[in-house]
Amino acid sequence: MTNTVKEKLKAGKKTCGAWSQLCNPMIAEILSCSGLDWVLVDLEHSPADLMTLVSQLQGIGCGKAVPIVRAPWNDFVVIKRILDAGAMGLVIPYVNTREQAEAAVRACTYPRTGIRGIAGSVRAMGYGGNSADYMKSANQEIIVITQIETYEAVENLDEILSVPGIDGFFIGPMDLATSMGFLGNPNIPEVQEVIARVEKKVLGSGKFLGTVTASWEKAEELYNKGYQFLTLMADGILLNKTSRELAAKFKNLYSD
């Protein structure tokens, strides 16, 4: 149970991944076989449930990408079930205080570090086939990422950074902008100034930093700043963009 993405991140290397938000195991399989380092299955802003998660994890397992899951909430019962299903990393939303960050770490780790319950028969343990190895290594190999998506989290960032067990942080620019009064507009200078503050603190802390990107040019800019964990695409957005572009080209040439 070696998490290749965690190894790369700890070594200071850059990684790339994609959102899987359409709840489709074949799309997850395609993404995993594409050469991406990780696929991030979204349970917060998608209609996915636990069984659609399992089917997507099975699809990811056909390729070489590491399966990461964004939990719907910082809830230890939900997180336990996600990990038991086979996730090798968690992105946990709406973590705004030290106490919430500590709760996230506890939910992701077995005692005595945390409170994650043990069942040796779950999918993550090969349905009982590798229980001992999994339990010995899970606390070290699972990636724990908390999101910075509110101004409250920014104000409490020093305390959150000091919490042991968090491997990295993921900026949610749209939510952060909205929490500051700029609905869905992270390009406002005031928001960009706050993001720059977050970058300086996280990149100087020994933790890795991630976020979303809308273009290769933006991804390259962020990698050059020191980001290590970037989503280069989302399945639904890519399908929408490509289909619209092709339909527009057709209509431009052939429509009556």
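Our structure's up above, just so we're on the same page.
### A few points about the overall build of the protein chain
If you tally the helices and strands in the protein chain, you get twelve helices and eight strands. Its C-alpha atoms give the protein chain a radius of gyration of 19 Å, within 12% of the compact-globule value 18 Å for 256 residues. Oriented by its inertia axes, the alpha-carbon framework of the protein chain measures out at about 65 × 40 × 30 Å. Within the protein chain, contacts between residues separated by at least 24 positions form 60% of all contacts whose residues are at least 6 apart in sequence. Here the protein chain has roughly 12,700 Å² of accessible surface; of this, 55% comes from carbon and sulfur atoms.

### A look at the environment of Asn 224
With respect to the helices and strands, the residue Asn 224 is situated in helix 11 (residues 216–225). According to the relative accessible area criterion, Asn 224 is exposed, its value standing at 66%. Here the alpha-carbon distance between Asn 224 and Leu 239, two residues 15 residues apart in the chain, equals 28 Å.

### Here's the deal with the layout of surface pockets
Its volume calculated, the largest pocket comes out at about 1,100 Å³. What lines the largest pocket is a set of 40 residues, and nearest its centre among them are Pro 173, Val 212, Thr 213, Ala 214 and Thr 231. Reported here for the second largest pocket is a volume of approximately 290 Å³. Along the wall of the second largest pocket there are 17 residues; nearest its centre are Met 1, Val 66, Pro 67, Gly 86 and Met 88. Mapped onto the lining of the second largest pocket, the elements with two or more residues apiece are helix 3 (50–60) and strand 3 (66–70). Tallied by class, residues from the lining of the second largest pocket come to nine nonpolar, seven polar and one charged.

### A word on helix 6 (residues 131–141)
Buried residues of helix 6: Ser 131, Tyr 134, Ser 137, Ala 138 and Glu 141, and no others. Buried residues of helix 6, viewed axially, fall in a sector of 145°; they line one side.

What counts as what
Residues numbered from 1 in each chain as written. Predicted model: local features only at pLDDT ≥ 70, side-chain atom pairs only at ≥ 80, totals over all residues. Heavy atoms only, no water. Helix = DSSP H or I, 4+ residues; strand = E, 2+ residues; numbered from the N terminus. Rg over C-alpha atoms; globule rule 2.2 N^0.38 Å. Contact = heavy atoms within 4.5 Å. Areas by Shrake-Rupley, 256 points an atom, 1.4 Å probe, with all protein chains shown as cover. Buried < 20%, exposed > 50% of the residue type's maximum accessible area, 1.4 Å probe, protein only. 1 Å grid on protein atoms, 1.4 Å probe; cavity = no way out; pocket = protein on both sides within 12 Å on 5 of 7 lines; lining within 4 Å. Points joined across faces, edges and corners; volume = space filled by probe spheres on them. Nonpolar A, V, L, I, M, F, W, Y, C, P; charged D, E, K, R; others polar. Arc of directions from axis to C-beta.

On their own, these measurements won't tell you what the molecule is for.
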